[in-house]
Amino acid sequence: MQPTVYEITSDYADVWIASDNQPGVDYGYGGTRMVEAHMPDADVHGVLDRLMHSESALKNQLINKALRQQALSDRLASRTPDGFIESSVGGARCIIRPKSQELAAILNAPAHPRFTQIIATIFAQIGDLLNQQQGRIKLTPDFGRFAGLADILAEFTPHVLGIRCEDGGCGGKSSYSATGIIAALETIGVTPETHPRITLIGSAGAMGSHILEYCQIEGFADIGACDHVYHASTTDLPARLAQLPAQDGMFTDACLSRGGVIVATTVGHELEHSQWQRIPRDTIMLLAHNLAVPAGEPGIDLMRRLAEQGVLVVPGQVLTLGGALTSRVEWFWRQSRPGEPFDKPLAHLVVRAVVSYLIGEMLSQAHITGLTPYETMLRFAQDQPTQVQV
């Protein structure tokens, strides 16, 4: 079926909500992104389409297949809520474009006195549309590092995920996505002994800060940290870390040339605009963010070039699906166990098991076939057989 795009407009923002209309799914799920006030409509539709198909839908296809192939042990599966193991979820997405730069600044500042009134007005309209769809679309309002956005949207619709744990929600996605990244590192075999040098790009962000804390606790000897906020003096660099230069829209040479292990938890599109030829052989690179690899053939070509360069690149969809996965656990938890606080430790175990399983499958197939991990991930998600290259 063809995707459907719904448009909402108000005095504060224009909103687009899309669903891929996959047949036979329980619902379509997606996150929310706020874009620049001046972004043209055509560009908004491009971002909406790509995030829905290449991120939300693809992540859920990976999750659907992992659950069908019993990625969870029987003991762990028995602890999950009714309907979860058999579930199938499609893709959706929401884009919010503020009407002006002034409104964008307010929506990026939750402490602003007008923030709550403006976001509530926008969310009331989004909630009405989700209610009209009768549960066929569910969203997580996860733009920015703002606690409580899901709870505001929940005032207008039940079809929101990421609400507070006391009400049966997962309480936000960042920590679960970070668990998936950590599971990937451990599945690949990254330890302080085997890979003492690790570079974290976006280390002060919602996910990056969790990974930085993990690396410090585990005792990696040579941690490089890169984030714009260090240069803006709004966040202090943790002690005993190497501060690396940051630049909008790309990874800096100083970060890439360190080699070892590189974990990027950034905005997207950086790799394709960087001097990736500077990455040393035997580097492990985790692109732990959305829009990490160019769409279509350009992305496949870039992944093949890096593989020829001797760089192991793990794509973002498999690394960051912890948020989508936990949101799914939340929905079925809220349906089968109303009034019961969400089991966060269980959700982290589920994320760890699914990501570990998928990473193992992806790397095994890459080794057997000679394809890149990116290609084997795409084929796995699409139920395509992998063929050995000759």
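Bear in mind that the values here come from a model prediction, so they are computed numbers and not experimental data.

How each quantity is defined
- Residues numbered from 1 in each chain as written.
- Predicted model: local features only at pLDDT ≥ 70, side-chain atom pairs only at ≥ 80, totals over all residues.
- Heavy atoms only, no water.
- 1 Å grid on protein atoms, 1.4 Å probe; cavity = no way out; pocket = protein on both sides within 12 Å on 5 of 7 lines; lining within 4 Å.
- Points joined across faces, edges and corners; volume = space filled by probe spheres on them.
- Helix = DSSP H or I, 4+ residues; strand = E, 2+ residues; numbered from the N terminus.
- Nonpolar A, V, L, I, M, F, W, Y, C, P; charged D, E, K, R; others polar.
- Buried < 20%, exposed > 50% of the residue type's maximum accessible area, 1.4 Å probe, protein only.
- Phe/Tyr/Trp six-rings, centres within 6.5 Å; stacked < 30°, edge-to-face > 60°.
- Lys NZ or Arg CZ within 6 Å of the ring centre and 35° of its normal.
- Contact = heavy atoms within 4.5 Å.
- Pairing = 2+ DSSP bridges.
- Axes fitted to C-alpha atoms, helices over the stretch in contact; angles between N-to-C directions.

**Q** How should empty space enclosed by the protein be read in this particular structure?
**A** To find the voids left in a structure, one rolls a probe of water-molecule size over its atoms. Within the structure shown, the criterion is met by 1 cavity of 30 Å³ or more. In this structure, the largest cavity spans a volume of roughly 40 Å³. Considering the residues around the largest cavity, the lining is formed by Leu62, Val318, Leu358, Glu361, Met362, Met377 and Phe380. Those elements that place two or more of their residues in the lining of the largest cavity are helix 13 (344-369) and helix 14 (373-381). Per-element tally for the lining of the largest cavity: the top contributor is helix 13, with 3 residues. For the lining of the largest cavity, the class distribution of residues is 6 nonpolar, no polar and 1 charged.

**Q** Help me understand unusual backbone geometry, please; the structure alone is not making it clear to me.
**A** The phi angle of most residues is negative, glycine excepted, and most peptide bonds adopt the trans form. In this structure, Gln70 is a non-glycine residue whose phi angle is positive, near 60°. Within the secondary structure, Gln70 sits in the loop between helix 1 (41-68) and helix 2 (74-77). Taking relative accessible area as the criterion, Gln70 reaches 63% and is therefore assigned exposed. Unusually for a residue other than glycine, Asp282 sits at a positive phi of about 75°. Checked against the element boundaries, Asp282 lands in the loop between strand 9 (261-264) and strand 10 (284-287). Judged by its relative accessible area of 62%, Asp282 falls in the exposed class.

**Q** Would you mind showing me how to read the packing of aromatic side chains here?
**A** For any pair of aromatic rings, the description consists of the separation of the ring centres together with the inter-plane angle of the planes. Within this structure, the stated rule accounts for 2 aromatic pairs. Ring plane angle 70° and centroid distance 6.4 Å describe the contact between Tyr27 and Trp331, whose orientation is recorded as edge-to-face. Here Trp331 lies in helix 12 (residues 322-336) and Tyr27 lies in strand 3 (residues 27-34), a separation of 304 residues in the sequence. Residue Trp331 is classed as buried on the basis of its relative accessible area of 11%. The aromatic ring of Tyr27 is capped on one face by Lys138, whose charged end is 5.1 Å from the ring centroid.

**Q** Would you mind showing me how to read the side chain of Ser10 here?
**A** Positionally, Ser10 belongs in the loop between strand 1 (4-9) and strand 2 (13-19). Dropping the residues within four chain positions of it, Ser10 is found in contact with Lys99, Ile122 and Gln125.

**Q** Explanation requested: the sheet that holds strand 2 in the structure shown.
**A** Pairing between the strands of a sheet is mediated by backbone hydrogen bonds and can be parallel or antiparallel. Read across the open sheet, the 5 strands follow the order 1-2-4-3-5; overall the sheet is mixed. Each end of this open sheet is capped by a strand with a single partner; those strands are strand 1 and strand 5 (137-140). Within the sheet, the average angular offset between the axes of one strand and its neighbour, ignoring direction, is 20°. Pairing geometry for strand 3 and strand 5, over 4 bridges, is parallel. Across the sheet, Gly28 pairs through a bridge with Ile137, a residue of strand 5. Across the face of the sheet, helix 12 comes into contact with strand 3, strand 4 (89-98) and strand 5 while running at roughly 125° to strand 3.

**Q** What exactly am I supposed to notice about the sheet that holds strand 9 here?
**A** Within the open sheet, the 6 strands sit side by side as 8-7-6-9-10-11. Their pairing is parallel. Each end of this open sheet is capped by a strand with a single partner; those strands are strand 8 (242-243) and strand 11 (312-314). Pairing between strand 6 (residues 197-201) and strand 9: 4 bridges, direction parallel. Residue pairing for strand 9: Ile201 is matched across the bridge by Ala264.

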